[in-house]
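The primary structure of each chain is shown beneath.
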Amino acid sequence: QVQLVESGGDLVQPGGSLRLSCAASGIIFSLYGMKWYRQAPGKEREWVAQISRGGSTNYADSVRGRFTISRDNAKNTVYLQMNSLKPEDTAVYYCNTFGGVNYWGQGTQVTVSS
C-alpha cells in the first residue's frame, strides 16, 4: 500500500520558518520525482516546488528564494524548508509523486499569522 505522509505544519508568525516532511512508503522512492503543492481556502491547488530523481529543483515564482526542496532517498523523505514566511503562504501543503503513478498525501496545515 502506497502512503505519503506529510508533517511539520504549524502556526507561525510572519517572517518565521518551518520545515515540512513527506515520508513515502510502498514505492521505490528513488525512482520518483517529488512535488509540493498547496491549497489556500477558496483557492485552487497550486504547484510550489519540485525535485527530480536526480535532484534538480524548480520553484514557483512566489516562493523562489524563500523555500528549498530537498530529498533523502535513504529515508524515503522529501522536505520543504520554508523561510521568511508570509500570511499568503497559509495553506494546506501536499506532497505528490511524478514520473510514474501519481500519488498524493493527505496534507499538512501551515498557518502564517501574528
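Overview of the structure. (Residues numbered from 1 in each chain as written. Predicted model: local features only at pLDDT ≥ 70, side-chain atom pairs only at ≥ 80, totals over all residues. Heavy atoms only, no water.)

Some thoughts on the overall build of the protein
What counts here: Each helix corresponds to a stretch of at least 4 residues labelled H or I by DSSP, and each strand to a stretch of at least 2 residues labelled E; elements are numbered beginning at the N terminus. Atoms counted for the radius of gyration: C-alpha only. Globule rule: 2.2 Å times residue count to the power 0.38. Relative accessible area decides the class of each residue, using a 1.4 Å probe on protein chains only: under 20% of the type maximum gives buried, over 50% gives exposed, and in between gives partly exposed. Where accessible areas are quoted, they stem from the Shrake-Rupley method and a 1.4 Å probe; at the residue level, only the protein chains shown are allowed to cover. Charged-residue counts in this description rest on Lys and Arg as positive and Asp and Glu as negative, His and the chain ends being excluded. Charge positions are represented by NZ for Lys, CZ for Arg, CG for Asp and CD for Glu.
The helix and strand tally for the protein stands at zero helices and 10 strands. Here the C-alpha atoms of the protein give a radius of gyration of 13 Å, agreeing with the 13 Å that 2.2 N^0.38 yields for 114 residues. C-alpha atoms of the protein, sized along the principal axes, occupy 40 × 25 × 25 Å. A buried classification covers 42% of the 114 residues belonging to the protein. When the accessible surface of the protein is totalled, it reaches about 5900 Å², and 45% of it is carbon and sulfur. Side chains of the protein carry 11 positive and 8 negative charges; the gap between the two charge centres is 6 Å.

Describing the pairing of strand S7 (residues 67-72)
Rules: A strand pair is defined by DSSP finding two or more bridges across the two strands.
Where burial is concerned, the two faces of S7 differ: the one with Phe67, Ile69 and Arg71 is buried and the one with Thr68, Ser70 and Asp72 is not. The pairing of S7 with strand S8 (residues 77-82) spans six bridges and is antiparallel. In the sheet register, Ile69 faces S8, and the bridge partner there is Leu80.

Some thoughts on the environment of Tyr103
To keep it simple, the criterion reads: The contact criterion used throughout is that any non-hydrogen atoms of two residues lie within 4.5 Å.
Considering the arrangement of structural elements, one finds Tyr103 in the loop between strand S9 (91-98) and strand S10 (108-112). A C-alpha to C-alpha distance of 9.9 Å links Tyr103 and Ile27, two positions 76 residues apart in sequence. Apart from residues lying up to four places away in sequence, Tyr103 is in contact with Val2, Leu4, Ile27, Tyr32, Cys95, Asn96 and Thr97.

Considerations on the packing of aromatic side chains
Heads up, the condition is: Any pair of Phe, Tyr and Trp rings, taking the six-membered ring for Trp, is counted once the centres come within 6.5 Å. Such a pair is stacked with planes under 30 degrees apart, edge-to-face with planes over 60 apart, and tilted for the rest.
Enumeration over the complete set of coordinates arrives at three aromatic pairs. With 6.5 Å between their ring centres and 80 degrees between their planes, Tyr94 and Trp104 make a pair best called edge-to-face. Pair noted here: Tyr94 is in strand S9 and Trp104 is in the loop between S9 and S10, with a separation of 10 residues, a long-range link. An aromatic cluster is built from Tyr37, Tyr94 and Trp104, whose rings are joined through pairwise contacts.

Structural notes on the state of the cysteines
Two cysteines form a disulfide when their sulfur atoms are joined by a covalent bond. Our working definition: In this description, a disulfide is simply a cysteine sulfur pair whose atoms lie within 2.5 Å.
Applying the stated rule across the entire model yields one disulfide. Through a disulfide, Cys22 is tied to Cys95; the S-S separation comes to 2.0 Å. Given an S-S torsion of about 55 degrees, the disulfide between Cys22 and Cys95 has right-handed geometry. Here the residue Cys22 occupies a position in strand S3 (residues 18-25), and Cys95 occupies one in strand S9, the gap between them amounting to 73 residues.

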